[in-house]
Amino acid sequence: MGITRRDLLKLAGVGALGAIAFNGCRIPDRELRVESPVALPEDQVTGRDNWYATLCVQCGAGCGVLARVVEGRARKIEGNPDHPLNEGKTCARGQAAVQALYHPDRLLSPLLHGQAVDWETAMAELAGQIQQNRGRVLLATNPLRGHNALVAQTFIQSIGGTLLAYEPLEDTVLRTAVKGLFGQDTLPDYDIARARTVFSFGAGWLETWGSPVRWGRAYGAFRQGRPGQRGLFFHAEPRFSLTAANADLWLPVRPGMEGVLALAVAYVLVERGMAHPPAAAQLTGGQGLGALTAYQPERVAAAVGIPAERIREVAEVFGSQRPSLALVGGSALAHTNGLFNARAVLSLNALVDNIGREGGIRFNPPPPAGWTGVPPAPFARWRQALEEMRAGRVGLLIVRGANLIYGLPVDRGEVEEALTQVPFRVVIGPIADDMAPYGDLVLPELEALEAWGTDWPEPGPGYQTVTFQQPVVRPFRDGKAFGDILLEAGKAAGLTLPWQSMREAVQDGARRLFALRRGAVRAADEEGFFMGVLQRGGWWDPQATGQGRFTGERLPATPPAPQFAGDAQEFPFHLVPFTPLGIHDGRGAHLPWLQGLPDGTTTVAWQTWVEVNPDTARRLGLLEGEWVEVISPRGSLRALVYVHPAIPPEVVAIPVGFGHQGMGRWANGRGANVFSILAPLTDQETGAFAWAATRVRLRRTGQRQRIPKFEGVVRPVQLEERPIILVTKEA
Ligand code: SF4
């Protein structure tokens, strides 16, 4: 069900507050004040539902949502229609937030050396460890923004330690490219809705990449929002993903050759006089086409796996049907030449002169009023962190949302050895994940719907936006918020920290926004303003836009070739890992709704599968549902064969996120962990994990089972005269 702001007000049945004015994108129908029932007695039955604006943390996009609460229980999540990022929409992962909240395997109490203890004992232990280990603390978290980032940074500065964020499929390469080409510290937005042509390289922007709800909405406008004009969409990726399936033309580019393909398009733009002259001069060092000879379509066609005529055709459209827009992400950046690929694709935007323009790249300003973020550290830095642990330079390790043992592409023994060299380890989380067995102290964390916080979405909508997170229900389990754990334990250890609690920190943030005297919420006083941002779900200022310009330099005369782990004779297939729609990079693996969400193209759920081309399957004698061993130079795993007519013969694809040891009853032991067979290669320039640079071979096991998928369960019925799907093969 979609919900409008008018619906929301009707459902809430609320009284007027009278002191808050909403400005900005939309004027609300009338003002609203709702008291959260968090503090109400359990047995008070009102028969009424209330909707609370808060934040979705099920992925890193940072959408604003509304939680429907009935009798103190969260029942349903909807998009906040007022929030500028997602404008009333959510995705399946966002919906599953209520299942995370009421998960039966949530931790019940703190555990000290495996024994249940009360919070007083646990916090006293943590405070003691903080006191003993000043200057020797490593705080390892998921990427942070908003007040979790502020509190973590303040904590670590106060104690003199290191704060590192970890994400298995890090975005270091994209951030470095954006900084280098546009001088930006924040990721840009893409004005997909107003583009006429979109060309994406590896970026699954209709699935899990970036801000998928925002861009999914924009996709609707791009295709159908302008009468008589349907946007054209090209997508280059080795795997036939859901995003590829939505494209007008899918280009199955060879892994690691995305940058060369982009520059072959650039070649045609310059050759045909369609390139923006200043950008062309910048990128060719003033030499024009001569500087791009190495990228002539006819020269590179075989290497990139796309016929030269097809490259020229696409380039002509991209150059002429403007505004046109190029995006890059996902596996295109997960190579040893990832930064080259990123720069090459993003430079196309300068060549079609879309920088900062309608239908082009739209810059995001830095967040307002001291808001901050902790982006993921590159894999190379994590290797160094393991070294530091091994060398005994870390006295206290605090881990929150950083599943190092699961995701780091180094042998489990190596990570275990490093962890065990740390005298005291604390693991914080709502559920015991793969890291929990390594925690001397395990602390149950509140879920987002139970806790205070803030966020600034990245990428944002092109202007300053802050989302407020508030507890919409009383805690289901006896936990504490991550920020509260740091603040309480830090205070008890004698650290000087500016806030007593996360609520106080968030309220302080609201005070700073109030002092700006601008944006979508105004009020007569600070208290009214705080109420206003909670009711509206945040604060944003459409006038505070980002600025940037293209500062790209001359492109390399010859492209850096991607390196792969594994000899092509011994390991004939490129392994392309991908994030499935539901469990993402594994963070949603504990939720049965997400485990059961069918993959967008294969419809497989609940298991690890490997997508194999029909010719390859025939040659190896593989049938659908056969268990195969997928062997890389680093290790092997078992997966079920899915014979996929649209995967290139030299590629196999496997979803990440399965194969946990822990994370509750639905994740534990289910499927296989792809990270465990990926080679520890990095992008040559940034040190980021090159997670798409491993080759594999397949070995039959002779075992077979029915593959858990929806496709083929119900006989397809032809609804129209013409066939719904045509499978074509290019000569
Ligand atoms: S895209 Fe991410 S933040 Fe937005 S609703 Fe989905 S899971 Fe939540």
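Up top is the structure these notes are about.
A. Highlighting the overall build of the protein chain. Counting secondary structure elements, the protein chain contains 21 helices and 29 strands. In terms of C-alpha radius of gyration, the protein chain reaches 26 Å, essentially the compact-globule figure of 27 Å for 731 residues. For the protein chain, the spread of C-alpha atoms along the principal axes amounts to about 70 × 55 × 55 Å. Evaluated residue by residue, the protein chain yields a buried proportion of 60% over its 731 residues. Contacts spanning at least 24 positions in sequence make up 74% of the contacts within the protein chain whose residues lie at least 6 apart. Accessible surface for the protein chain amounts to roughly 27,400 Å². Of this, 50% is attributable to carbon and sulfur atoms. Put simply, the protein chain has 73 plus and 72 minus side-chain charges, and the middle of one group is 3 Å from the middle of the other.

B. How the structure looks around the side chain of Ser-632. Residue placement: Ser-632 occurs in the loop between β26 (626–631) and β27 (636–643). In this structure the side chain of Ser-632 is engaged in a polar contact, spanning 2.6 Å, whose partner is the backbone oxygen of Ile-677. The residues contacting Ser-632, other than those within four sequence positions of it, are Phe-571, Ile-677, Thr-694, Arg-695 and Val-696.

C. Geometry of the packing of aromatic side chains. Taken as a whole and judged by the stated rule, the model has 21 aromatic pairs. An aromatic cluster is defined as three or more aromatic residues linked by ring pairs; in this entry it consists of Phe-199, Phe-201, Phe-234 and Phe-318. Lying across the ring of Phe-578, Arg-239 places its NZ or CZ 3.4 Å from the centre. Here the guanidinium or amino end of Lys-480 rests over the ring plane of Trp-119, the centre of that ring lying 5.2 Å away.

D. Quick look at the nonpolar core. Counting residues in hydrophobic clusters, the biggest one holds 77 residues, and the most contacted among them are Ile-192, Trp-205, Leu-346 and Leu-348. When residues of this core are assigned to their parent elements, the largest contribution, 11 residues, is made by helix α9 (residues 258–271). Apart from residues no more than four positions distant in its own chain, Ile-192 is found in contact with Val-198, Trp-205, Trp-215, Ala-218, Tyr-219, Phe-222, Leu-325 and Leu-327. Judged by nonpolar contacts, the second largest core, of 55 residues, contains Val-117, Leu-144, Leu-150 and Ala-505.

E. Seen up close, the packing of α9 against helix α12 (residues 308–320). Interhelical geometry of α9 versus α12 gives an angle of 65° and a closest axis separation of 9 Å. In this structure, α9 crosses over α12, and the sense of that crossing is right-handed. Within the contact between the two elements, α9 uses Leu-261, Ala-264, Val-265, Tyr-267, Val-268, Leu-269 and Glu-271 and α12 uses Ile-311, Arg-312, Ala-315, Glu-316, Phe-318 and Gly-319. Grouping the amino acids of the contact of α9 with α12 by side-chain chemistry returns 9 nonpolar, 1 polar and 3 charged.

F. Region of interest: the pattern of salt bridges. Applying the stated criterion across every chain, the model contains 46 salt bridges. Members of the salt-bridge network, linked through shared partners, are Asp-189, Asp-191, Arg-194, Arg-214, Glu-358 and Arg-362.

Conventions and cut-offs
- Residues numbered from 1 in each chain as written.
- Predicted model: local features only at pLDDT ≥ 70, side-chain atom pairs only at ≥ 80, totals over all residues.
- Heavy atoms only, no water.
- Helix = DSSP H or I, 4+ residues; strand = E, 2+ residues; numbered from the N terminus.
- Rg over C-alpha atoms; globule rule 2.2 N^0.38 Å.
- Buried < 20%, exposed > 50% of the residue type's maximum accessible area, 1.4 Å probe, protein only.
- Contact = heavy atoms within 4.5 Å.
- Areas by Shrake-Rupley, 256 points an atom, 1.4 Å probe, with all protein chains shown as cover.
- Lys, Arg positive; Asp, Glu negative; His and termini not counted.
- Charge placed at Lys NZ, Arg CZ, Asp CG, Glu CD.
- Polar contact = N/O pair within 3.5 Å; in protein donor to acceptor, adjacent residues only side chain to side chain.
- Phe/Tyr/Trp six-rings, centres within 6.5 Å; stacked < 30°, edge-to-face > 60°.
- Lys NZ or Arg CZ within 6 Å of the ring centre and 35° of its normal.
- Core = buried A, V, L, I, M, F, W, Y, C linked by side-chain atoms within 4.5 Å.
- Axes fitted to C-alpha atoms, helices over the stretch in contact; angles between N-to-C directions.
- Left-handed = near helix turned anticlockwise from the far one by under 90°.
- Nonpolar A, V, L, I, M, F, W, Y, C, P; charged D, E, K, R; others polar.
- Salt bridge = Lys/Arg side-chain N within 4 Å of Asp/Glu carboxyl O.

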